[in-house]
Amino acid sequence: MNVVVLIGRLVRDPELRFTASGKAVATFSIAVNRPFSKTREADFFNVVVWERTAENCANYLSKGRLVGVEGRLQSRSYETKAGERRYVTEVVANMVEFLEWGDRNEGQDKKTEEKTDDFTASDIDLDDFKAVDDDDVPF
């Protein structure tokens, strides 16, 4: 079984190219934070996306965006012009989820405004809430 699921931020804008047969292919890199790192370390992964998903990534993603990637790991090798053999491991994505839209700062401002405009802490009366005894719960 070869399945990879990652959530991270784009390190650079996606690069869109087309094969000789006309298939779209986009490449980008994402940084994934290490969950228990005390120094905020990250791992970097190269991602390859094909066809319509590649075009969508190139059109709507940019450096810094948060994405979810589902796919498989693939290893390959190639030879440089100098004759050196290079090995590459990359994620070939089946699905890319856009987890942020628009300007990151703009989106945060709008979310904050929406939350403060709906109600304030003074609108909540804590006396309306009461604890429920476990015997009263129907399950």
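Above this text you will find the structure in question.
Please read these numbers as outputs of a predicted model, since none were measured by experiment. (Residues numbered from 1 in each chain as written. Predicted model: local features only at pLDDT ≥ 70, side-chain atom pairs only at ≥ 80, totals over all residues. Heavy atoms only, no water.)

## A short note on the overall build of the protein
Thought 1: Assigned secondary structure in the protein consists of two helices and six strands.
Thought 2: For the protein, buried positions account for 25% of its 139 residues.
Thought 3: Sequence-distant contacts, at least 24 apart, represent 55% of the contacts inside the protein between residues at least 6 apart.
Thought 4: Within the structure as shown, the protein displays about 10,900 Å² of accessible surface, and the carbon and sulfur contribution to it stands at 50%. (Helix = DSSP H or I, 4+ residues; strand = E, 2+ residues; numbered from the N terminus. Buried < 20%, exposed > 50% of the residue type's maximum accessible area, 1.4 Å probe, protein only. Contact = heavy atoms within 4.5 Å. Areas by Shrake-Rupley, 256 points an atom, 1.4 Å probe, with all protein chains shown as cover.)

## A look at the side chain of glutamate 90
Thought 1: Within the element layout of this structure, glutamate 90 appears in strand β6 (residues 85-98).
Thought 2: According to the relative accessible area criterion, glutamate 90 is buried, its value standing at 7%.
Thought 3: Within polar-contact distance, the side chain of glutamate 90 engages the side chain of arginine 76 at 2.7 Å.
Thought 4: With sequence-adjacent residues up to four places away left out, glutamate 90 is seen in contact with Asn46, Val48, Arg72, Leu73, Gln74 and Arg76. (Polar contact = N/O pair within 3.5 Å; in protein donor to acceptor, adjacent residues only side chain to side chain.)

## Examining the layout of surface pockets
Thought 1: Of the pockets and cavities examined, the largest pocket occupies roughly 220 Å³.
Thought 2: Lining the largest pocket are 15 residues, with Arg17, Thr27, Val48, Arg76 and Glu90 sitting closest to its centre.
Thought 3: The residue inventory of the lining of the largest pocket, partitioned by class, reads seven nonpolar, four polar and four charged. (1 Å grid on protein atoms, 1.4 Å probe; cavity = no way out; pocket = protein on both sides within 12 Å on 5 of 7 lines; lining within 4 Å. Points joined across faces, edges and corners; volume = space filled by probe spheres on them. Nonpolar A, V, L, I, M, F, W, Y, C, P; charged D, E, K, R; others polar.)

## Some details on the pairing of strand β2 (residues 15-18)
Thought 1: The pairing of β2 with strand β3 (residues 24-33) spans four bridges and is antiparallel. What sits directly across from leucine 16, in β3, is alanine 26.
Thought 2: Counting the residues that bridge the hairpin from β2 to β3 gives five residues, and of these glycine 22 lies at a positive phi of roughly 95 degrees. (Pairing = 2+ DSSP bridges.)

## Some remarks on the side chain of threonine 27
Thought 1: In this structure, threonine 27 sits in strand β3.
Thought 2: Those residues in contact with threonine 27 that lie beyond four places of it in its chain are Arg12, Asp13, Pro14, Glu15, Arg17, Val47 and Val48.

## Considerations on the pattern of salt bridges
Thought 1: Throughout the structure, instances matching the rule amount to eight salt bridges.
Thought 2: In this structure, glutamate 51 and lysine 23 form a salt bridge, with 3.4 Å as the shortest nitrogen-oxygen distance. Taken together, the residues span a long stretch of sequence, with glutamate 51 in helix α1 (residues 51-60) and lysine 23 in the loop between β2 and β3 at a distance of 28 residues.
Thought 3: On the basis of relative accessible area, glutamate 51 is assigned to the partly exposed category, the value being 42%. (Salt bridge = Lys/Arg side-chain N within 4 Å of Asp/Glu carboxyl O.)

## Structural notes on the environment of arginine 86
Thought 1: Relative to the elements of secondary structure, arginine 86 occurs in strand β6.
Thought 2: Along the chain, arginine 86 and arginine 76 lie ten residues apart, while their C-alpha atoms are 8.5 Å from each other.
Thought 3: A distance of 2.9 Å separates the side chain of arginine 86 from the side chain of glutamate 84, its partner in a polar contact.

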